[in-house]
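Chain and residue survey
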Amino acid sequence: MTASSLQTPALTPKRVRVKPSLFSEASGKTAAFALNFKARGSALYSVGGRKFCKQLPAGASKLFCTEDGTLFVWTGSALIAGGNTFPLSEAPLDVLSFSGEAGKEYYALTSSGLVCLGEGAVSGAPAGSAAAFFGERLFIASGETLFYSAPLAPKDWTQSADGAGSVVLPSVGGNILKLLPDRGRLLLFRERGVTALSAPGDFLGFEAEELPCAVEGLMPSSVARCGSRVLFCSKEGIFSLKGETLSRLSGCGEERIAFQRGVSAVSAGERYYAAVTLKDGEKCILEIEGEGAALYRLEAESLAGGKFRFLKEGSLYALDEEAAGDKEAVLELPLSTFGLFKVRYLNALLIEGEGLFRAELRAEPCAGAPMPAPRFVRGRAGEEVRLNPPMRGSAFALKVRFLSAGAKLSAVTLTLREGKA
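In short, a report on the structure. (Residues numbered from 1 in each chain as written. Predicted model: local features only at pLDDT ≥ 70, side-chain atom pairs only at ≥ 80, totals over all residues. Heavy atoms only, no water.)

1. Observations concerning the overall build of the protein chain
For the protein chain, the helix and strand inventory stands at 0 helices and 40 strands. Taking 421 residues into account, the globule formula puts the C-alpha radius of gyration at 22 Å, and the protein chain, at 27 Å, lies well above it. Principal-axis analysis of the C-alpha atoms gives the protein chain an extent of 105 × 45 × 35 Å. Looking at the protein chain residue by residue over its 421 residues, the buried ones come to 51%. Within the structure as shown, the protein chain displays about 19,400 Å² of accessible surface, and the carbon and sulfur contribution to it stands at 50%. Each charge sign in the protein chain was given a centre, from 48 positive and 45 negative side chains, and these centres are 12 Å apart. (Helix = DSSP H or I, 4+ residues; strand = E, 2+ residues; numbered from the N terminus. Rg over C-alpha atoms; globule rule 2.2 N^0.38 Å. Buried < 20%, exposed > 50% of the residue type's maximum accessible area, 1.4 Å probe, protein only. Areas by Shrake-Rupley, 256 points an atom, 1.4 Å probe, with all protein chains shown as cover. Lys, Arg positive; Asp, Glu negative; His and termini not counted. Charge placed at Lys NZ, Arg CZ, Asp CG, Glu CD.)

Shown next, in the form of structure tokens:
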């Protein structure tokens, strides 16, 4: 056989344009996992900045925001709000506000009982795991029992026909872990489910209904009401409860979240913010708004709702989407064949958008070939970066890290040559 008779397999040039969609597929777009990116219109923009609010008192370890918007800081020995300090002998489980005839009052629930801040322990009040004001009464949950104060009198726990009392609510859902008023009912979040309680002024009219919400390992710290729905997490994932309809949320990066490491959450209007840990150990803040979501590469030691703020190393911060994040914005596109042929050569990469980037390219080996090493390239969005030599494989995956603030990514274009093996 002469050299002139050798046949070189024909390779067809091809350009593939991929539009990413955060966490879930969309019409004409490919699902991508991202950190410090947020969808705005048809593009993804880098976010993840934080704004310093103020230095908190020494020992600050947990934040509480009451119904009236007052921010309390737990320091290990006291609750502090503004210029007021309220010593406590143990850490509060919850802090609540109440508007009574004498003005505004604040209460802290501890594992030992109820404390009226500025006055002391409330006589006769039970200890419990959760508390909430609802229907003119203060409710405290302990195990499967729900205690309630006299109407409009959170300090009055004298049991009587028209005063304080208690009701036992046994359920396969287990113990009550969290109480949350929601549209004319009191939701009792349990270890494995949810009970809805209607509680008119007359205790004889209390009605409890088990909602179809069988979940395992419900996390009370993750429960937050966001507009017309309540969001919460369990060891199984993220759930939405709207009315009596329970649905599991997807498309918010949940497949990368290690739910078994715990989740704490608050709401800011209709936005849900949760401190989560990813499966690789990185701590992030998850934001869910409507059908969209974002994962900020920010670590929070405690969260406060209302106007969202978080605690980190003794300081109070708020989100600042326009500021540069402490860590890079990262977007991952999964392995894709981009066609039907078995052999491909990746010649060039074009990131459509703005900003400086570093890209990691990985290839699935062709049949019989060893696993190729990943390739790394740097460039500027809008300018094509050529690979020399081209990268050979049967499918390609891409991870893009933006090195500058204000980055934007709308699409990725790959220049390929492909043919038969």
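2. Focus: the layout of surface pockets
Roughly 1,200 Å³ of internal volume is contained in the largest pocket. Only β7 (62-65), β11 (94-100), β15 (130-134), β19 (176-182), β23 (219-226), β27 (264-268) and β31 (302-304) provide two or more residues apiece to the lining of the largest pocket. Here the residues of the lining of the largest pocket are counted per class, giving 23 nonpolar, 11 polar and 6 charged. Here the second largest pocket is characterised by a volume of approximately 370 Å³. (1 Å grid on protein atoms, 1.4 Å probe; cavity = no way out; pocket = protein on both sides within 12 Å on 5 of 7 lines; lining within 4 Å. Points joined across faces, edges and corners; volume = space filled by probe spheres on them. Nonpolar A, V, L, I, M, F, W, Y, C, P; charged D, E, K, R; others polar.)

3. Here we look at the packing of aromatic side chains
Each aromatic ring pair is described using two quantities: the centre-to-centre distance and the angle formed by the ring planes. Tallied over the entire structure, the rule returns 17 aromatic pairs. When the ring of Phe98 is compared with that of Phe133, the centres are 5.0 Å apart and the planes differ by 20 degrees; the resulting orientation is stacked. Residue Phe98 is found in strand β11, and its partner Phe133 is found in strand β15; the two are separated by 35 residues along the sequence. Residue classification places Phe98 among the buried positions, given a relative accessible area of 12%. One aromatic cluster is present, built from ring pairs that chain together Phe52, Tyr273, Phe308, Phe310 and Tyr317. Above the face of the Phe33 ring, Arg256 is positioned so that its terminal group lies 4.0 Å from the ring centre. The ring of Tyr345 has Arg417 lying over it, and the distance from NZ or CZ to the ring centre is 5.1 Å. (Phe/Tyr/Trp six-rings, centres within 6.5 Å; stacked < 30°, edge-to-face > 60°. Lys NZ or Arg CZ within 6 Å of the ring centre and 35° of its normal.)

4. Observations regarding the pairing of β7
Summarising the sheet, β7 and strand β8 (residues 71-74) pair through 4 bridges and their orientation is antiparallel. Bridge assignment links Cys65 to a residue of β8, and that residue is Leu71. Connecting β7 to the next strand, β8, in antiparallel fashion are 5 residues, including Gly69 with a positive phi near 90 degrees. (Pairing = 2+ DSSP bridges.)

5. Observations regarding the environment of Val18
Tracing the backbone through its elements, the reader meets Val18 in strand β1 (residues 12-18). Considering only alpha carbons, one finds Val18 and Arg392, 374 residues apart in sequence, at a separation of 19 Å.

6. Some details on the environment of Ile176
Considering the arrangement of structural elements, one finds Ile176 in strand β19. Taking the C-alpha atoms as reference points, Ile176 and Leu241, 65 residues apart in sequence, are found 17 Å from one another. When near neighbours in sequence (up to four residues on either side) are disregarded, Ile176 contacts Ser129, Ala141, Gly143, Glu144, Thr145, Leu188, Phe189 and Arg190. (Contact = heavy atoms within 4.5 Å.)

7. A look at the sheet that holds strand β17 (residues 145-148)
Spatially, the 4 strands line up as an open sheet ordered β15-β16-β17-β18, and their pairing is antiparallel. A single partner strand is all that each edge strand has here, and the edge strands are β15 and β18 (165-168). Geometrically, the sheet is characterised by an average inter-axis angle of 20 degrees between neighbouring strands, direction not taken into account. Examined bridge by bridge, strand β16 (residues 137-142) and β17 share 4 bridges and lie antiparallel to one another. Note on β17: the bridge partner recorded for Ile140 is Phe147. (Axes fitted to C-alpha atoms, helices over the stretch in contact; angles between N-to-C directions.)

8. Observations regarding the sheet that holds β19
Taken together, 4 strands build an open sheet; the order of strands is β19-β20-β21-β22 and the sheet is antiparallel. A single partner strand is all that each edge strand has here, and the edge strands are β19 and β22 (207-210). Strand-to-strand twist across the sheet, computed as the mean angle between neighbouring axes with direction ignored, equals 25 degrees.

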